[in-house]
Amino acid sequence: MKKFAIAIHGGAESVKPSELDKEKEEKYREGLAAALKAGYEVLEKGGTALDAVEAAVMSMEENPAFNAGRGSSLTQRGEVEFDSAIMDGKTLRAGAVGAIRYVKHPISLAKVILQKCDHALLVGSGAEEFALRQKLELMDPEYFVTPEKDKAWRDKQQKGLKKKHEMVGSMADTVGAVALDMDGNLAAATSTGGLTDKMKGRVGDSPVIGGGTFANNEVCAVSCTGEGEVIMRGVLAHEVYAMLKYGRESLQAAAEKAVHLHDDLLQGDKGLIAMDTEGNAAFAFNTGFMKRGFWQAEGEPFVALWEDEKENPAAPAKKKKKTAKAKK
Ligand code: ASP
């Protein structure tokens, strides 16, 4: 059986177990499982890593529990603006968008840019016009704004705009995926509504190639989450690649070192997922909480939220024991 695997994240956040209600936790786990399945099914049928990461991210963009597409965080003006990127480790082609609106699946726009555009990164109205010309699905702005995010924004307006980041609910939670397909190709994808209460026009790390998203068939694929300003200054996705290529670190060590790179100068929430050429996955975050999942060919799907959910996602698939019943 040929190797293939997918790992996903639904964002890293500094949140304590007492701050997250059970219902929300369940929604996260269900959403992660659905996104993993969407990506795994593409790979299982022999599809490309590029299509698999797009499928997993699309699933989370449609799910209002995550901060990407529908359910995204709101800007200071109470609107949504998305950033997204996708990279093909085989060709080193990439497509990315910054501060766009209306596009139902920002990750698909990034992929169309990768495939059909001479440029790698389009922003704002130019990206939206390209989406229109490429006949991507567009939605009314209301589609993206969930009651929870709307209420949080209104509460904030009532309290006044004095304190930065005092929004109710999550500050952010980007979504992302990395995958290895049966042909040995790696890909990475990241999509986000960005930080809550961000300025109009602010672009985070997600669409910055090497910052929040990176893939190269020779080494690894990486997708980041956390405070974009910090992640892009550390160029963290590329840092994982560089440590593996030149530093000969293990995948997990490279992921952790990247998250803690210049901890004194690059302070903030940071998290990432990485996959190597064998389909092993690494998860690293400094928040105690990162929604994440992993599924390797012939293995079982793994979904986790808290740091202490210790099951080793990169462990080889366990062979099912034949029980007395199964022998009958
Ligand atoms: N990295 C995202 C951004 O800064 C937000 C997040 O992952 O939480 O836009």
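Quick caveat, the model's predicted, so the values are computed rather than measured.

Calculation rules
Residues numbered from 1 in each chain as written. Predicted model: local features only at pLDDT ≥ 70, side-chain atom pairs only at ≥ 80, totals over all residues. Heavy atoms only, no water. Phe/Tyr/Trp six-rings, centres within 6.5 Å; stacked < 30°, edge-to-face > 60°. Helix = DSSP H or I, 4+ residues; strand = E, 2+ residues; numbered from the N terminus. Buried < 20%, exposed > 50% of the residue type's maximum accessible area, 1.4 Å probe, protein only. Lys NZ or Arg CZ within 6 Å of the ring centre and 35° of its normal. Salt bridge = Lys/Arg side-chain N within 4 Å of Asp/Glu carboxyl O. Pairing = 2+ DSSP bridges. Axes fitted to C-alpha atoms, helices over the stretch in contact; angles between N-to-C directions. Contact = heavy atoms within 4.5 Å. 1 Å grid on protein atoms, 1.4 Å probe; cavity = no way out; pocket = protein on both sides within 12 Å on 5 of 7 lines; lining within 4 Å. Points joined across faces, edges and corners; volume = space filled by probe spheres on them.

Student: How should I be thinking about the packing of aromatic side chains in this particular structure?
Tutor: The description of two aromatic rings rests on the distance between their centres and on the angle between their planes. All told, the structure shown has nine aromatic pairs when counted by the stated rule. Centroid distance F283 to F302: 6.5 Å. Interplanar angle 50°. Geometry classified as tilted. Of this pair, F283 sits in strand β10 (residues 281-285) while F302 is found in strand β12 (residues 302-306), placing the two residues 19 residues apart along the sequence. Looking at F283, the relative accessible area reads 8%, which means it is buried. Sitting over the ring of Y28, K291 keeps its end group 4.4 Å from the ring centre.

Student: Explain the pattern of salt bridges to me, please; I cannot follow it from the model alone.
Tutor: Pairs can form between side chains of opposite charge once their charged atoms are near each other. Under the criterion given, the structure shown has 22 salt bridges. Of the charged contacts, one joins E13 and K291 as a salt bridge, the two residues approaching to 3.2 Å between their closest N and O atoms. Placement of E13 in the loop between β1 (5-12) and α1 (22-44) and of K291 in strand β11 (residues 289-296) is noted, with a sequence separation of 278 residues between them. Close ionic contact of E81 with K200 constitutes a salt bridge, the shortest N to O distance being 4.0 Å. Here E81 is found in the loop between α2 (49-62) and β2 (82-88), whereas its partner K200 is found in the loop between β6 (186-192) and β7 (213-216), with 119 residues between them in sequence. Given the relative accessible area of 36%, K200 is considered partly exposed.

Student: It is not clear to me how the sheet that holds β11 should be interpreted in this structure. Could you clarify?
Tutor: Within a sheet, adjacent strands bond to each other through the backbone by hydrogen bonds, running parallel or antiparallel. Spatially, β4-β3-β2-β6-β5-β1-β11-β12 is the arrangement adopted by the eight strands of the open sheet, whose pairing is mixed. Either end of the sheet is taken by a strand with one partner, and the two such strands are β4 (121-123) and β12. Adjacent strand axes in the sheet meet at a mean angle of 10°, parallel and antiparallel pairs treated alike. Of the strand pairs in this sheet, strand β3 (residues 94-100) and β4 are connected by three bridges, and their pairing is parallel. If you follow V97 over to β4, its bridge partner there is L122. Packed onto the sheet, α2 meets β1, β2, β5 (175-180) and β6 and runs at close to 155° relative to β5.

Student: Would you take a moment to explain empty space enclosed by the protein for this structure?
Tutor: Unfilled space is identified by rolling a water-sized probe across the atoms. Using the criterion set out here, one finds two cavities of 30 Å³ or more in the structure. Empty space within the largest cavity amounts to approximately 70 Å³. Along the walls of the largest cavity sit 14 residues, with T174, G194, R202, D205 and G226 positioned nearest its centre.

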